[in-house]
Amino acid sequence: MKHNDLHILFACSELTPWVKTGGLADVCGSLPRALQQHNVDVRVVIPGYKDVLDRIQPPAFVALLNLPLGTVTLCQSTLNGVDVLLVNHELFTNRTGNPYMSDADRPWPDNALRFALFSQAVCEIANRASETEWQPDLVHCHDWQTGLIPALLSLQIDAPATVFTIHNLAYQGNITMGEYHRLHLPEELLVQDGLEFWGQASFIKGGIAYADRINTVSPTYAEEITDREFGCGMEGLLLHRRGSLSGILNGIDLQTWNPATDQHIACNYTADTIELKAKNKIDLQKQLNLAPEPDALLFGVISRLAIQKGIDLVIEAFKKIESDTPDQNFQLALLGSGDSTLQAQLEELADAHPKRVAVVFDFDEKLSHKIEAGADVFLMPSRYEPCGLNQMYSHRYGTLPLVTRVGGLADTVNDYTDGLDSANGFVIESADATLLGSEMLNAVERFRDKAGWHQMQRNAMSADYSWAESASHYIRMYSDILEERNVI
Ligand code: ADP
Ligand code: GLC
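Residues numbered from 1 in each chain as written. Chains lettered and ligands numbered in written order. Predicted model: local features only at pLDDT ≥ 70, side-chain atom pairs only at ≥ 80, totals over all residues. Heavy atoms only, no water.

Here's the deal with the side chain of Asp143
- Positionally, Asp143 belongs in the loop between strand S6 (138-142) and helix H6 (148-153).
- Although Asp143 is buried, it forms no salt bridge, and the closest oppositely charged side chain is Arg304 at an N-O distance of 8.3 Å.
- Engagement of the side chain of Asp143 in a polar contact is seen with the backbone nitrogen of His167, the distance being 2.7 Å.
- Setting aside residues no more than four positions away along its own chain, Asp143 makes contact with Leu24, Phe164, Thr165, Ile166, His167 and Asn168. (Helix = DSSP H or I, 4+ residues; strand = E, 2+ residues; numbered from the N terminus. Buried < 20%, exposed > 50% of the residue type's maximum accessible area, 1.4 Å probe, protein only. Lys, Arg positive; Asp, Glu negative; His and termini not counted. Salt bridge = Lys/Arg side-chain N within 4 Å of Asp/Glu carboxyl O. Polar contact = N/O pair within 3.5 Å; in protein donor to acceptor, adjacent residues only side chain to side chain. Contact = heavy atoms within 4.5 Å.)

This is the structure we're talking about:
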């Protein structure tokens, strides 16, 4: 089969660099390009958020779509050579900022309506060859915002096939039955084998129950979510659909995240010129007003401030080390946004240790690159992690990740005890502040052995995180489904 026989519509709610809250955007920004490089005919569809429309050239008009929940204007633009369809409607243009949350960090009250409308638009595009002059064989959906799509398409004759990728099972888009009814969504979907979920209606369950195939973004997370601990209540259904569930590790954008060419950092470097990395550390220490000490191990964090990421454990571990063995030679630089309680606690920590702890509450692409380049160790003590991109960015920059053995972190980071041939970071067995604190001290100790450290950096920087392999797994999956359906 030739890949240009594959016509794929990629439906998502974030797209780097146009709109991003986390790794979903990075994946949706780079996987379609990788598919296109394999000659797949792929188009992306996203909501036409105000911030997106403000930053791009006016997109071309394609069609007006009359949907049960309203009329949307479908427009078309391109991003890095990939066609992007925009679903324009007042519900997306009437606000700026985070696509899901208000400035007070609360979900927008009309999220269900907004993403139900978006889902109806995607279904219409998928079925409307005459209006859009293009029809996909398969719609590839991502996370709860697009979970209704496989459910709605299941009601249509001759609908395209569907793949549903779970980037994060904890965000489910669950609404009350009353709200579901107010959206006038099909009653027949609200059944136990469908959207019904513990007395509610769940958007993500639509993807899990109805898609031809489900996948997650790392092999370990695909295993973990069939278990109660990580299954977020969906483990039964996931176990039932195990034959259609797989894990495909994310790649990363090797151009954007390249210390040899990165325009955001003070000094470019490679594995062969790793000593130049120190200039980035000094630059970061200066920018963040930390003591300019080359020998102090600099821990970096770039994260959504959410329970998932174990930021509370970083605070606890730091405090514990300070009280048990004060004045250890390390610093912390954290960039994050989200939970206000965590923000207050971090601010307190920074106030108590002004030259050793710097915190920035913002979403700042440039600073995120500077932290990847300037830090010695990247902290990611996540409670769960479907894939995680920052540990892979860290590897690229010779910054050793300290992670919990979960999900994609388990699949990418090898602990220093695995031997210097493969070690590329530090791994703790569970998300626990005591374990984290002692591993942080361990890293401080290891940091003194420059030869061993350089070997781990070389291992880290030699990892291959290109999209090529993951893209070929997705293409195999698309082809299998379409062959089963006799489409190709
Ligand atoms: P998740 O998607 O769960 O947040 P990932 O590790 O997959 O975690 O991806 C997070 C992405 O978002 C990375 O590209 C990271 O650099 C970026 N990011 C997170 N918080 C910030 C921030 N405050 N400023 C800039 N980039 C951020
Ligand atoms: C989610 C996950 C993260 C993953 C990202 C991209 O936001 O939390 O682990 O890397 O999606 O797939």
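That was the structure; now back to the text.
Some words on the site of ligand 1
- Around ligand 1, a shell composed of 21 residues is seen, among which Gly23, Asp26, Arg304, Lys309 and Asp362 lie nearest.
- One of the backbone nitrogen or oxygen atoms of Asp364 is found 3.0 Å away from a nitrogen atom of ligand 1.
- Considered on its own, ligand 1 offers 560 Å² of accessible surface; in the complex 94% of this is hidden by protein.
- Of all the secondary structure elements, the ones that give two or more residues to the shell around ligand 1 are helix H1 (23-37), strand S13 (297-305), strand S14 (330-338) and helix H16 (390-396). (Near = heavy atom within 4 Å. Areas by Shrake-Rupley, 256 points an atom, 1.4 Å probe, with all protein chains shown as cover.)

Some details on the domain arrangement of the protein
- Considered domain by domain, the protein is made up of domain 1 (3-251 + 467-484) and domain 2 (271-461).
- Centre-to-centre separation of domain 1 and domain 2, based on C-alpha positions: 33 Å.
- Summed over both partners, the interface of domain 1 with domain 2 buries about 1,500 Å², with 58% contributed by carbon and sulfur atoms.
- Linking domain 1 with domain 2 are one salt bridge, by the criterion used here.
- Here Lys20 makes a salt bridge to Glu365, at a shortest N to O gap of 3.7 Å.
- Where domain 1 touches domain 2, the interface holds eight residue pairs in polar contact (both at pLDDT 80 or more).
- Listed by contribution, the elements that provide at least two residues to the side of domain 1 that touches domain 2 are H1 and helix H9 (219-224).
- Ranked by residues supplied to the side of domain 1 that touches domain 2, first place goes to H9 with four residues.
- Residues of the side of domain 1 that touches domain 2, tallied by class, amount to seven nonpolar, eight polar and four charged. (Domains from an automatic or database assignment. Buried area = accessible area lost by both parts, 1.4 Å probe. Nonpolar A, V, L, I, M, F, W, Y, C, P; charged D, E, K, R; others polar.)

Structural notes on the packing of H1 against helix H20 (residues 467-484)
- Relative to each other, H1 and H20 sit at 75°, their axes nearing to 9 Å. Between H1 and H20, the angle is such that the two are roughly perpendicular. When H1 is examined against H20, the residues Val27, Ser30, Leu31, Ala34 and Leu35 are found in contact with a partner set consisting of Trp467, Ala471, Tyr474, Ile475 and Tyr478.
- Within the contact of H1 with H20, the residues separate by chemical class into nine nonpolar, one polar and no charged. (Axes fitted to C-alpha atoms, helices over the stretch in contact; angles between N-to-C directions. Parallel < 35°, antiparallel > 145°, perpendicular 65-115°, else oblique.)

Things to note about the sheet that holds strand S11 (residues 213-216)
- Pairing is mixed in the open sheet, where nine strands are placed in the order S3-S4-S5-S2-S1-S6-S7-S11-S12. Strands with a single pairing partner mark the edges of an open sheet, and in this sheet they are strand S3 (60-67) and strand S12 (245-247). On average, adjacent strands in this sheet sit at an angle of 25° to one another, irrespective of strand direction. (Pairing = 2+ DSSP bridges.)

Section: the packing of helix H12 (residues 277-287) against helix H15 (residues 365-374)
- Contact pair H12 / H15: the axes reach a minimum separation of 8 Å and the direction vectors enclose 130°. As judged from the angle between their axes, H12 and H15 are oblique. Both H12 and H15 take part in a crossing whose hand is left-handed. Residues Lys277, Asn280, Lys281, Asp283, Leu284 and Gln287 of H12 touch H15, and the partners they reach there are Leu367, Lys370, Ile371, Glu372, Ala373 and Gly374.
- Classifying every residue of the contact of H12 with H15 gives four nonpolar, three polar and five charged. (Left-handed = near helix turned anticlockwise from the far one by under 90°.)

Concerning the site of ligand 2
- His167, Asn250, Glu385, Cys387 and Gly388 are the nearest of the 14 residues found near ligand 2.
- For ligand 2, an oxygen atom lies 3.4 Å from a polar atom in the side chain of Asn168.
- Between ligand 2 and the protein, one listed contact pairs an oxygen atom with a side-chain N or O atom of Glu385 at 2.5 Å.
- Here ligand 2 loses 93% of its free accessible area of 310 Å² to cover by the protein chains.
- The element best represented in the shell around ligand 2 is H1, accounting for three residues.
- Taken domain by domain, the shell around ligand 2 gets at least three of its residues from each of domain 1 (3-251 + 467-484) and domain 2 (271-461).

Topic: the environment of Ser466
- Mapped onto the elements, Ser466 comes out in the loop between helix H19 (450-461) and H20.
- What makes Ser466 partly exposed here is its relative accessible area of 23%.
- It is 9.8 Å that separates the C-alpha atoms of Ser466 and Gln255, two residues lying 211 residues apart in sequence.
- Not counting residues within four places of it along the chain, the set of residues in contact with Ser466 comprises Gly251 and Leu254.

Re the packing of aromatic side chains
- Evaluated as defined, the whole model comprises 15 aromatic pairs.
- Ring geometry for Tyr49 against Phe92: centres 5.8 Å apart, planes inclined by 90°, an arrangement best described as edge-to-face. Taken together, the positions of Tyr49 in the loop between strand S2 (41-47) and helix H2 (50-55) and Phe92 in helix H3 (residues 90-93) put the pair 43 residues apart, joining distant regions of the chain. Note on accessibility: Tyr49 and Phe92 belong to one class, buried.
- Pairing Tyr100 with Phe115 gives two aromatic rings, centres 6.1 Å apart and planes at 55°, and the pair type is tilted. (Phe/Tyr/Trp six-rings, centres within 6.5 Å; stacked < 30°, edge-to-face > 60°.)

Remarks on the environment of Leu79
- Here Leu79 lies in strand S4 (residues 70-79).
- Classification of Leu79 by relative accessible area gives buried; the value is 12%.
- Along the primary structure Leu79 and Asn98 are separated by 19 residues, whereas in three dimensions their C-alpha atoms are 20 Å apart.
- Discounting chain neighbours no more than four positions away, the residues touching Leu79 are Leu15, Thr16, Pro17, Trp18 and Val84.

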